[in-house]
Amino acid sequence: MAAGPGSEGPGLEVSWVQGFSNKNLAFVNNQTLCYPCGNYILFLDIQTRKTRAVQCQSGQVGAFAANANSQVVAFSDRQLNPLIHIYAFPELRKVAELKGDAQLDYTLLALSFKGPYLASYSSIPEFVLSVWNWQENILLCSESQPGLTGASLSFNPMNWQQLCFVAESSVTIWCIERSKDEHLLTRHPVELPDEHGAISPHEDLFFPLFRNDDPYYGPDLPISAIAGLEGEEAETFVPRNCIKTSVHPTAHCWTAASEIYMGCREGYVLAIDTEEYSVSVLQQKAPPEYMQKVGDVVSYIRSRVQKKKGYKPSNGEKTVLLAMAFCNEGLYAAGHEGILTFYHIKDLEYETKICANISQPISSLIFSPDYTSLLLVTDQGTVYSYRPAHSGEAVKLLDTSSSCFLAADFLTPGNNYCVSVTIAGEVQVWSLEDGTFLSKLNLGTEATSMACCPSSNSVAVGTQRGQICFLDVTKAEAPRVVHRTFVSKLPVLSLHYDQSGQFLIARATEGHIFILDARPSKLFQVLGYIVLADEVLHLSVISDFKNDLVEVMVLLHVAEVQKARLEIFRLSSAMITDNDKYVNEQGMFNASDLKKKQYDLDLPLSSAVRLKDKIVYGYCSCAPFICKYHLSAENKLEFSSEKKIPSKQFGSGLLCSSPNSQWLAAAAKDGVLFIYNSSTLDILAQKHCHSYQGGGIRSTVFSLDGNFILVNGENDCALVCLKWKEIKETEVEEAALYWKSLRDILNKSTSDENSVLKSMAEWNFDPETPLKSFNAQVTEEDGDITDTDGMTWLGQKIQKVMREETQRFANQKEELQMGIRKLRETIQQMLHENEQVPDIEKLEHWEFNLDLEEQEQVQAVAEEDVARARREMEMETLSYCYLQDLIKYECWDDMCVKGRAVKCFHMDCEVWNYPLKERSKEEMETLKKVLQLKQTETADLQAQKKNLDSETALSEEGEKAARKVTDGGASFCLNGSLSSQYGGDTSLLYHQCDLHTKEQKLNQTILLKDVIYKVKTAFNEEFDMVVQQKEQEIARVKERNLKIQEILEQLDLQVELWEPVLTDDEMPERALTVQDSEIKAEKYMTQEEKEQAEMQAKLERERRLAATDDERLRALDDMMGGVLEIRREDILKMDIPPPVFVSRPEDLWTEEEKKIFEEYEKKVKELNEEKEDYRQEELKIINLIYALLLDEELDTREAGLHKFLMKKKKEKVKGARKILSAKHGVEACTGPYKEALHEEKNLEHDFMKHFAHIPGNLFEELLQLYKHRPETPNTETLLDTANPYVKGSPENYEDAVSRLMKAMDELDSPEHMPSGLDQSMWQHFCLARRNKMENEELVKWKALALSEMQACLRRRTDENDKMKSELENTFQELTWLKEEKMKLQQNLIVQFLLKQGQVELESTQIPEYSDAVLIDRSVVEELNCTLAAQGEKKITAMVEFKDFSKGIIQLEWEHKKMKMQIQDLKEKARDIVILPISKDCQLFLTVHNYETHIAQHLAGMEQSLGVMDKLHKKNVKNHQKKVRELKKCICLKEQENYELSLQLKEMLVSVSERMHIFEAADTRDISEEITRQRYQEILKQKYLRNLIREQEKQLAILQSEIESWNPRTLNII
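Each residue is numbered by its place in its chain's sequence as written, counting from 1. In view of the model being predicted, local features appear only for residues whose pLDDT reaches at least 70, and side-chain atom pairs are presented and counted only at 80 or more, with totals across whole chains, interfaces and linings using the full set of residues. Based on all heavy atoms of the structure, the side-chain values leave hydrogens and waters out of the count.

### Quick notes on the overall build of the chain
Secondary structure elements follow DSSP: runs of H or I no shorter than four residues count as helices, runs of E no shorter than two count as strands, and numbering proceeds from the N terminus. Within the chain, the regular secondary structure consists of 27 helices and 61 strands. The cut-offs for exposure are 20% and 50% of the maximum accessible area for each residue type, with area from a 1.4 Å probe on protein chains only; residues under the lower value are buried, those over the upper are exposed, and the others partly exposed. When each of the 1613 residues of the chain is scored for burial, the buried share is 39%. For this analysis, residues touch if any pair of their heavy atoms sits within 4.5 Å. For the chain, the proportion of contacts with a sequence separation of at least 24, taken over those separated by at least 6, is 54%.

### Focus: the sheet that holds strand β7 (residues 72-77)
What the four strands build is an open sheet, ordered β6-β7-β8-β9; its pairing is antiparallel. Edge positions in the open sheet fall to β6 (61-67) and β9 (93-99), since each of these has one partner strand only. When the angles between neighbouring strand axes are averaged without regard to direction, this sheet yields 20 degrees. Whether two strands pair depends on DSSP finding at least two bridges between them. Angular values range over 0 to 180 degrees, each being the angle between N-to-C directions of two axes fitted as lines to C-alpha atoms, with helices fitted over their stretch in contact.

### A look at the side chain of Thr186
Note that Thr186 resides in strand β17 (residues 182-190). We classify Thr186 as buried; its relative accessible area is 9%. Within 3.5 Å is the distance limit for a polar contact, defined as a pair of N or O atoms, with the added protein rule that one can donate a hydrogen and the other accept it, and that residues adjacent in sequence qualify only through two side-chain atoms. At 3.4 Å, the side chain of Thr186 forms a polar contact with the side chain of His188. Apart from the residues lying within four places of it in its own chain, the contact partners of Thr186 are Ile173, Trp174, Cys175, Glu177, Arg1356 and Glu1359.

### A closer look at a positive patch on the surface
Every patch collects residues that have over 30% relative accessible area and no salt bridge, joining them within 9 Å if they carry like charges and within 5 Å if they are nonpolar side chains (Val, Leu, Ile, Met, Phe, Trp, Tyr). Every accessible area reported is derived by Shrake-Rupley at a probe size of 1.4 Å, with residue values counting cover from the shown protein chains alone. Between Lys or Arg on one side and Asp or Glu on the other, a salt bridge is scored when a side-chain nitrogen of the former is within 4 Å of a carboxyl oxygen of the latter. Note on charges: Lys and Arg go in the positive column, Asp and Glu in the negative column, and His and the chain ends are not counted at all. Here the site of a charge means atom NZ of a Lys, CZ of an Arg, CG of an Asp or CD of a Glu. On the surface, Lys1210, Lys1214, Arg1217 and Lys1218 cluster together into a positively charged patch. Within the secondary structure, Lys1210 is located in helix α18 (residues 1176-1250).

### Comments concerning a negative patch on the surface
A cluster of acidic side chains, namely Glu1146, Asp1147, Glu1158, Glu1159 and Glu1161, defines a negative patch on the protein surface. The residue Glu1159 is located in helix α17 (residues 1151-1171) in this model.

### Notes on a nonpolar patch on the surface
On the surface, Tyr880, Tyr882, Leu883, Leu886 and Ile887 cluster together into a nonpolar patch covering about 550 Å² of accessible area. With respect to the element layout, Tyr880 can be found in helix α9 (residues 852-893).

### Observations regarding the packing of aromatic side chains
When the centres of two rings from Phe, Tyr and Trp lie within 6.5 Å, Trp using its six-membered ring, the rings pair. Their planes under 30 degrees apart give stacked, over 60 give edge-to-face, and anything left gives tilted. All told, the structure shown has 24 aromatic pairs when counted by the stated rule. Taking 5.9 Å as the distance between ring centres and 70 degrees as the angle between the ring planes, the aromatic pair formed by Tyr332 and Phe367 counts as edge-to-face. Of the two residues, Tyr332 sits in strand β23 (residues 331-335) while Phe367 sits in strand β26 (residues 362-367), which places them 35 residues apart along the sequence. Accessibility classification places Tyr332 together with Phe367 in one group, the buried group. Their ring planes at 15 degrees and their centres at 4.7 Å tell us that Phe367 and Tyr371 sit as a pair that is stacked. Under the relative-accessibility criterion, Phe367 is labelled buried at 11%. Feature note: the residues Tyr332, Phe342, Phe367, Tyr371 and Tyr386 constitute an aromatic cluster, connected by ring pairs. Whether a charge sits over a ring depends on NZ of Lys or CZ of Arg being within 6 Å of the ring centre and within 35 degrees of the ring normal. Sitting above the plane of the Trp892 ring, Lys898 keeps its charged end 5.6 Å from the centroid.

### Focus: the sheet that holds strand β41 (residues 526-531)
Strands sit in the order β38-β39-β40-β41 across an open sheet of four strands; the sheet is antiparallel. What marks the edges here is a single partner per strand, and that holds for β38 (492-497) and β41. On average, each strand axis in the sheet is tilted by 20 degrees relative to the strand beside it, whichever way the strands run.

### Some points on the environment of Gln1000
Its location among the elements puts Gln1000 in helix α13 (residues 998-1051). For the pair Gln1000 and Val930, spaced 70 residues apart in the sequence, the C-alpha separation amounts to 9.8 Å. Here Gln1000 is in contact with Tyr990, Asp994 and Leu995, once residues within four sequence places are set aside.

### A few points about the pairing of strand β27 (residues 374-378)
The element β27 is largely enclosed, with a buried count of five among its five residues. Neither face of β27 is left uncovered, since the one carrying Leu374, Leu376 and Thr378 and the one carrying Leu375 and Val377 both have all their residues buried. Both β26 and β27 contribute to a ladder of five bridges, which runs antiparallel. Residue Ile362 lies in a different strand from β27, and its bridge partner there is Thr378. Where β26 hands over to β27, the hairpin turn is made up of six residues, of which Tyr371 adopts a positive phi near 60 degrees. Bridge count for β27 against strand β28 (residues 382-386) is four bridges, and the pairing is antiparallel. From the neighbouring strand, Leu374 faces β28, where its bridge partner is Tyr386. Hairpin remark: β27 followed by β28, antiparallel, with three residues in the connecting loop; positive phi at Gly381, about 100 degrees.

### What to know about the pairing of strand β25 (residues 349-357)
In terms of strand pairing, strand β21 (residues 278-284) meets β25 through two bridges, oriented parallel. Each bridged residue has a counterpart across the sheet, and for Gln283 the counterpart in β25 is Glu349. Both strand β24 (residues 339-346) and β25 contribute to a ladder of eight bridges, which runs antiparallel. Bridge pairing links Lys346 to Glu349 in β25. Turn length for the β24-β25 hairpin, with the two strands adjacent in sequence and antiparallel, is two residues, and the turn residue Asp347 shows positive phi of about 55 degrees.

### Re the packing of helix α10 (residues 921-946) against α13
Viewed as axis vectors pointing N to C, α10 and α13 meet at an angle of 115 degrees, and their least axial separation amounts to 10 Å. Of the possible angle classes, the one that applies to α10 and α13 is roughly perpendicular. For the pair α10 and α13, the sense of crossing is left-handed. Between α10 and α13, the contacting residues are Thr926, Leu927, Val930, Leu931 and Leu933 on the first element and Asn1003, Ile1006, Leu1007 and Asp1010 on the second. Roughly parallel means an angle under 35 degrees; roughly antiparallel, over 145; roughly perpendicular, 65 to 115; everything else is oblique. With the far helix as reference, a near helix turned anticlockwise by less than a right angle produces a left-handed crossing, and one turned clockwise produces a right-handed crossing.

### Some details on the environment of Pro369
One can find Pro369 in the loop between β26 and β27. Put simply, Pro369 and Gln31 are 338 residues apart on the chain and 9.0 Å apart in space, counted from C-alpha to C-alpha.

### Regarding the pattern of salt bridges
This structure, assessed with the given rule, holds 29 salt bridges. For Asp1195, the salt bridge identified is with Lys1381, shortest N-O distance 2.4 Å. Here Asp1195, found in helix α18, pairs with Lys1381, found in helix α22 (residues 1319-1386); they are 186 residues apart in sequence, far enough to count as distant. Among the charged side chains, a network of salt bridges with common partners joins Glu551, Arg570 and Arg610.

### Let's talk about the nonpolar core
Think of a nonpolar core as a cluster: buried Ala, Val, Leu, Ile, Met, Phe, Trp, Tyr and Cys residues, connected wherever their side-chain atoms sit within 4.5 Å. Core analysis: the biggest nonpolar cluster contains 52 residues, and Tyr261, Leu270, Met324, Tyr332, Leu340, Leu365 and Leu376 have the highest contact counts within it. When residues in this core are grouped by element, the largest group, five residues, is from strand β22 (residues 321-326). Discounting residues that sit within four places of it in the chain, Leu365 has contacts with Ala323, Met324, Ala325, Tyr332, Ala333, Ala334, Leu340, Leu374, Leu375 and Leu376.

### Notes on unusual backbone geometry
Note the cis peptide between Ile124 and Pro125, where omega equals 10 degrees. Each neighbour pair has its own omega, and for Thr412 with Pro413 the value is 10 degrees, a cis peptide bond. Relative to the assigned elements, Pro413 resides in the loop between β30 (405-410) and β31 (417-422). Within the chain, Ser258 stands out as a residue other than glycine whose phi angle is a positive 60 degrees. With respect to the helices, strands and loops of the structure, Ser258 is situated in the loop between β18 (249-254) and β19 (259-264). Of note, the phi angle at Leu681 is positive, near 60 degrees, even though the residue is not glycine.

Such coordinate-based values are descriptive only and should not be taken to indicate function.
Laid out in structure tokens, this is it:
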């Protein structure tokens, strides 16, 4: 296999890489697959099965994508500030390297179907989606999605400007908008249906559509405001009960119509419209009835097959689609069932058809670029090929494993094949030359280790169950299991062969090491085992061929001292031939025969390797060092390292030496392999073949000839084969010489053992019973393993030893049992006799124990158990004590007034006091500040009232009278509580109608709490008095009981007297002390203690009688009559205890108990109703707290709206910038577009100009060829393919022009040239046509670019309009919020005290008070006073109006009189006017100097007449001049008309002649041809005339220029 660029190191190079990843698989052309594997991208030719690789130099490959159209591969590395690398195939050449702002990793990559575009998505902390132009190495645009982890990303194959981004439970369509050189990503989320497939409309919780405002509870606010959220949290907040679990996408694919089909974990198939961003759930079309029956039978058979295979049946669940692929025919999909299904989708229904069944979960479906084959990739790493056109079965294309490689080794002789094993137990055989996969064998169990035998072609594989499987690999193409050994139940951690191939050393857990015969001829016999005290970390085996010995070095981890320890033991060939001599009966080797040696080292090691000269190299686990030790024969307590070589690696390391011990390989968690010279520890080579992200390197092994090195990673599923690139010839010769000598030694034994290995029958096993064998029958004499009973080799040895010991000591055992039986009988008899003797002679029970040591041990164990139990109990008691102290402090010590009750003597009623805490210093200071503030406000208000005007003096008198009447009841009603009657001072409280501001409400709350505290304190004082009275009454009753008891004793009567006592509720301090009566266990007392206690009780009784015999107290109690008077308000504080039978179910109650319970409920109801009178202040506080809470919610909502408004304003500013940029882009593009259009017209004009001299028929043919446009051949070829995403449209302008020019090559060929046309003229024509087509293509692309920018401008404008509407809605919301806030401040909640009772109404209609306003009574009274004053003013105004009306009547009479006088005067003037007087007479009568006036008038008239005469003459002259000019024009026109008439006559004559000729000839075809020719001549004449005009214009311009020249210039010319 060839390695790609960048895969070589300084001394090593990659020979080949193998591995498989089923997560990312893509075609890079029709025959090549590519996929990431560890640090490499592998390219697999599906026909030749050859593999190539490209190495990621900085570590493991991260995200990956490939494009078969452009044949490029993109992948990211996994370093800090990762890069994206683009490689071209098949050159495997790096064409681009992209560097973005990602800090940690890229999770998703996607390449566009056409064009040089790449999309990337970074992980935490950016979560940025970016779009690149990888050819130009330009980041086009990017957008962030904080906290959203992507699952898949894909371009729309039909439009690269659309992206589908899929997360765990969300889908987003991203659109890439383009405006000239600027690109913008716009986000369009898709609302997915819920888990039941229902699609619900989106509900905006930040701006709710509907409000249900309640005048009592205030405005209806969004939930985010109620939760106290602002900013982004408020906009995106969704309460838990509103969160709907949406479907979880699993796979998606694009269609040719730019739609998306998507599969979900819930089993639904969705169709997403990427234009409307809507989702539809596809429903399966109901099949016919007979098809349903067939489907039921098929599903039943399938469930039975799955049950047999161990799978769970689906139980009718929907199929979950994990992979999708779209083609022209429809949709292919598959899932966990392993069934490839074809979906024929029409509208919103689909029909299914089963295409193939591979019975393995399918993870991905991939169409080849030519859409001839479909690849089915499974979770197990198998790849199948299905051809839709043939509709056959799926053919297995690739059979590898997706599990991580566990180990790899070279198959003897070490230069042809190598073997690897995965964790899942799959063994693969590879060709060492090029890494070709040869064969695979699945063991069916989890593997833990593997090694190849040097003396035969057998492979040993250790398993998790403690088994060792032996494989025959003599035929590399067909490996087989020939034997299986069950050594123990411990996992086999590692397997090691010595170089001679005699021994197989198996390392297990718990320090067990098993030694096996490695030869197949001995059936891999287990020789014995060794048990070491400490944990085994590593093994190293050295073969001494001269002495026929094998030395094994074991690295141990000593946990106590955190240092390493080495133990070395020897194995000889005699242990194989005479095994019983060296092992004991249990199969363990004798320590003396192994010649163990132990060495303590100074440092902890993770790996160690021993060379032949007693040199040991260890990899230090606490620091990056390679330590060198020399194990001498001296007896030392601790060996120190001779040399420490710093390592450039990090993490725990692994050392491995070459077979000839000249090279030392060091591997660690960073994935870098270092090769050292074992003698000098110089670095020969290093290779970064794995990565830290993949867990580093798991194992390393050299080939026997030293030419190859196999390295497999921990978790990256990669197996790398390295070979030397630069090495000294001497070292190569040494390695080859050692390999040759070793091969000569093992040559004979290898052939013999291989022949035995071939003859061994294949081991048949069932995965369910892996221990069953058909060919291994071993007797007890040879001591081999038998798996027939499922017992391990170690278990069989132990069982055999136990069976032999039982048979050997059977008689002694029987004798011991008889003696023990007799001894038991004797002891029992002694115990019985001991019970009969007196107590002083009795022996203790333990004295009869015969085994005192066992007794002491049992007692010690019992004492330890007791001590442990005591410690546990003490700790538990301590925790309870702490909890008790905490509760006592919180509920008792911290209370200044302890909670207690007082109960009635003969009633089931009790009254509790109010437990109170001492108010803190901060609370008192706050209360003091509020009181001072309230006093200041009260003083300020009184000062304002004094300064008021005394306009309402009358109203004040009425107000005082009203206050006197209503002072008793209205004050309590308005105050809303009766706290002032029970010790609370309400004079400093705010009036309920004045609580408008937030500060007033907070102060009112503090004042109300002070009132409540005072009420409770007052009640507690009265409660203490009642308690004191009860204690006095109890003392009086006890005194009388003593006297009654004396009387009863005298009368010899046995009557039980009632003795009142205080209960625990009345004396709660009893709970803090434990009384003797509470101890249930009886106290042990001696006789003397009993007599002393009786004496003390008698003295105490006498003292109590003497103390209570007070005549004064008895007289006082007799006068009180034994009655305790309790106030009504105290009774209201009582609690009525429930009846005893309430704990029983209601079905068991009797009728009497039911009546008692009804009475109890009635009493509780009445008591609760009356208790409400004592809870007014708490209700006030609750209302105030609710008002404050609502005020805070309004403030939060207002702050959230302001932040939203600022955010939208910023977005609007950005949008305005985008609009301005888009406008500039449109303006910049409009100019070149118009220039291109103008250039296109000029090209047409030039064509007509240059080819005008050509004859008409040729010109017409050339014109048709000029207008003809070819069809590109690539378009037709692409449209014939099965790829549904292929279009004929080119990707860019250069591509379109190149394709057009290729199509023009055929049209420009000489066979298309018209006959009679010159070759040079044809070439000139072809060049002109190419220029015209190129210009047309340029115009087309410029028009597309302009339309795209105009569309972008329209979208930006629409977004701006939408932003404006959002801003207007926000402003409206803010206005409404302020109005509601003002309403809330004015619309107060006022608490009233109303008298209980019934109110009779005259009508049954209850008034509506929803729009009523509550005002104070003083306001009404002031209004009444104002109304009375206004009434008096009105009466005064009415009197004034009356007087004024009289004056008006008098004036009207006078006005009427004057009107009549005016009428008389008018009649007189009319008579005067009727007199006949001329104008001249009137003038004569009016003008004083009549003659002078007449003279002046005449002079003016003469003057005006002269002026008019001059003006008339001037006008006559002008008209005469115009008449002369018109006559001249008439003459010219008549002359022109005459000439035209002559021409008309000639033309009529010619037309008539031509008509006669045409009628005589009677040939329409000829006439049409002549007509066409004449038309061409006319066009030519028209063209020539236009040309003449242009030339005349040019000539005139030239003449004007010549005239402008001076004479000197003319002379020079």
